[in-house]
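# Examination of the molecular architecture
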Amino acid sequence: MTVAAAASATSARTAGASSATATELDYRPSYLAATIAGTVAFLLYLVTLAPTTSMWDTSEYIAAAYVLGIPHPPGNPFFVLIGRVFSILPIAPTVAMRINVLAALSSAVSAGFWFLVTERVLVGWMPRRWQRILGGSLAVLIGATAFTVWNQSVVNEKVYTVSLVGLAVICWLTVRWCDDPEGPVADRLLVLVAYLLGLGYTNHMAGMLAAPAVGFAVLIRRPQTLLRWKLLVALVAAGLFGLTPFATQPIRAAHFPAINEGEPTGCVTELKMDCTFSKLTYDRFMYNFNRGQYGKPELGERQAPFTAQLGMYWLYFKWQWLRDAYHEHPGAQNGLAVFFFILCLLGGWMHFQKDRRSFWFFGPLVFTMTLGLIFYLNFKYGHSQAPDLGDSVPREVRDRDYFYLWSFSALSVWAALGLFYLWETVASLFGADDVRLGRGTVTEPRPRSFAFASPVLAIAFVPLFGNWTQASRAGQTDTTDFARDLLNSVEPYGVLITVGDNDTFPLWYAQEVEGIRKDVIVANTSLMNTDWYVRQMLRRPVYEYDKAKGPAIYNDREWTKPKGPPFIMTFDEADALPLAIPTPQNAAFQKDSIIAVPRTPQLMKADQLVYFMIRDAYPARPIYFSRTAGGYPYELGLERYVVTQGMAKKLLPTQVAPGRGIAAIPGEGLVDVQRSYDLWTKVFTATKSLAARNGWVDDASVGIPDLYVISGVTLAEALAQAGQMALSDSVYQESKRIATAMRRVEVFGFDRQPAPVPELLGGDTAAKPSAPVTPTAPPKRP
């Protein structure tokens, strides 16, 4: 058969299928096949599942679910509830792994529903059941292994996979409604969809993504539905009922769980009727609900040109089929992206041709999740986008591909349909016959022709093999190890000042879920600029230091348990603190021998509180600055009083000078050599887990492994200054192994042989600290 004949056959199939309906074909969904396909995806996710937490919001949400707390606004109450259930189910050895299983299960169930949707579209196209099952299986394979879907399904970074399963269920229910909008269960389906939309919103705002498409489908398929006021009342009631998990927030907030972001309650010390049902509770709840903390601009105020925002989506679309994290195969990545984009366009066209009933829902849904969502999210330039522009454009603090997970997953339906069309077209070249489909006759390739063309279907396996290494999180424990190392760098009952997401959330997880070093107070400078976080610091209990579980290096003395919060003030005084005050001329802070002259034009609330903690809690509580804080001690005028110990800088009561175990390292400041060496060799665990990695995919958080390399090289130089060359070389080589595992040998100059330690460090003075090696900017999210 010629190519022209094949095209003619395909056209004939389109015309013949137009009169066929699901009822005429006696269509029955292949639920068993969908379950099997979803189970295979689930097994894939389990094989590549993270054994513990990971960077960014993973730690925050696992910890919030475990303590039944409130994560960052708007609080995601539905996720917290089901996450709490999964955290206590005996389905995995650790709490984190159990909640990660929730992510895997959610995506696998979603894949099963995409199977059913794809199969339903093929009813008007392929007469044989095995063909439709194969089409559904292709959708599962493509969608489940798209990079972002896969990567988010093996660790519960947040709530996106739970939102995905809600979207997939709504999609399937609406497709079924479109088949028979006047059927006996049609109204019930719509009411159920309305409820799921509301419930999905309590998990994440994306729960409402399907609403415009549902409304459009109703308008096209049965517009008179909009005139039935009783049904409309039922739909509104169902949607509102779905929102009821939000009612748990003021109640739970007044129990003051360890993670209580936004604190949406007017109660200060305990749950009471009068403070719960108060205007203050309402105001705080609505502020949380509307995410007022983040101050996102209006849609008309574009944070980047819309063309740049489209470019961000295209960048992330390219990642789905081959995540070329180290830019080794840019040509293949671009080619695959174009090819899969064409497949999606073909699939969308065939969907329109074969099943317009469901297309009037699914087409608008795809539009909402792509162009509509791009416009609504109004992102700045992506973290990895247009690197040639550097810092000349505003950028997101991390890559936001996870916000488009829903579109990448749903587009598997169209990609599978497009691949099926390609398969059929190629098969037609090997011979075709006329077969009956419903009331009509279509031209279909022979079974042997399909077999000859089957190598085309291997394209569906490309994301599986192209993304395995980058998407898998199997065996990765480095985030938990980092949290443990950072906490253990702090002496018992210390205060640790942090600055962002990745040096804070993992510590929350370590303390609240694994019970590691709860005696340490984690003071995040970004969050200390909010009223609720300050109140929580005042309420926080003083936890006992567990000497048996703590590092042996702290067993040389008895540690006195302090009393009370790290600063002395009332709740009213805390709430009255201004967000910022101009730094007075000739201003200086003094506590005993510490005299600090701030170097910032204004003192934020967080800066004031750091001084208050030194005033009120020091030296009863040791005070440390995380090394991720970079030059923050310098900004506060404390650089002459801090010395590096492991992953943190300890505040000392007098000015520090080199000598007696203190080494001055150009560009890095002063280092406590013995303490840092003991921590590196006897306490730290991430040095080994990082060295066992094969790369670090997320460039925005690579500052964490970089910090280990810098810390190791700094320590190696300090040991070399002390004449301990063998120890210096050992630490140096371990740092090099970490850089090699991260594929950052060239970044640190390890590729230059020989590479003297001072050359790797750079810098020419200990007086001015190096630029911050921060894993992330302050935790502000769109």
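Just above, that's the structure.
Viewed as axis vectors pointing N to C, helix α8 (residues 160–179) and helix α18 (residues 405–428) meet at an angle of 40 degrees, and their least axial separation amounts to 10 Å. By the criterion of interaxial angle, the relationship of α8 to α18 is oblique. Here α8 and α18 pass one another in a crossing that is right-handed. Together, Tyr-160, Ser-163, Leu-164 and Leu-167 of α8 and Leu-405, Trp-406 and Ser-409 of α18 make up the contact between the two elements.

What follows covers the state of the cysteines. Here is the idea: a disulfide is a covalent bond, and it sits between the sulfur atoms of two cysteines. By the definition in use, this model includes 1 disulfide. Paired by a disulfide, Cys-267 and Cys-275 hold their sulfur atoms 1.9 Å apart. As the torsion about the S-S bond is roughly 85 degrees, the Cys-267-Cys-275 disulfide counts as right-handed. On the basis of relative accessibility, which here comes to 14%, the residue Cys-275 falls in the buried class. Free of any disulfide, Cys-178 has its nearest neighbouring cysteine sulfur in Cys-171, separated by 9.2 Å. On the accessibility criterion, Cys-178 (0% relative accessible area) is buried.

With that out of the way, let us pick up the pattern of salt bridges. Counted by the stated rule, this structure contains 31 salt bridges. Ionic pairing is found between Glu-263 and Arg-535, a salt bridge with its closest N-O pair at 2.8 Å. Linking Glu-263 in the loop between α12 (248–253) and α13 (273–276) with Arg-535 in helix α23 (residues 531–539), this pair joins segments that are 272 residues apart in sequence. For Glu-263, a relative accessible area of 0% translates into the label buried. Take Arg-535: its relative accessible area is 4%, and that puts it in the buried class. A salt bridge links Arg-400 to Glu-396, with the shortest nitrogen-to-oxygen separation between them at 3.0 Å.

The rules behind each value
Residues numbered from 1 in each chain as written. Predicted model: local features only at pLDDT ≥ 70, side-chain atom pairs only at ≥ 80, totals over all residues. Heavy atoms only, no water. Axes fitted to C-alpha atoms, helices over the stretch in contact; angles between N-to-C directions. Helix = DSSP H or I, 4+ residues; strand = E, 2+ residues; numbered from the N terminus. Parallel < 35°, antiparallel > 145°, perpendicular 65-115°, else oblique. Left-handed = near helix turned anticlockwise from the far one by under 90°. Contact = heavy atoms within 4.5 Å. Disulfide = S-S within 2.5 Å. Buried < 20%, exposed > 50% of the residue type's maximum accessible area, 1.4 Å probe, protein only. Salt bridge = Lys/Arg side-chain N within 4 Å of Asp/Glu carboxyl O.

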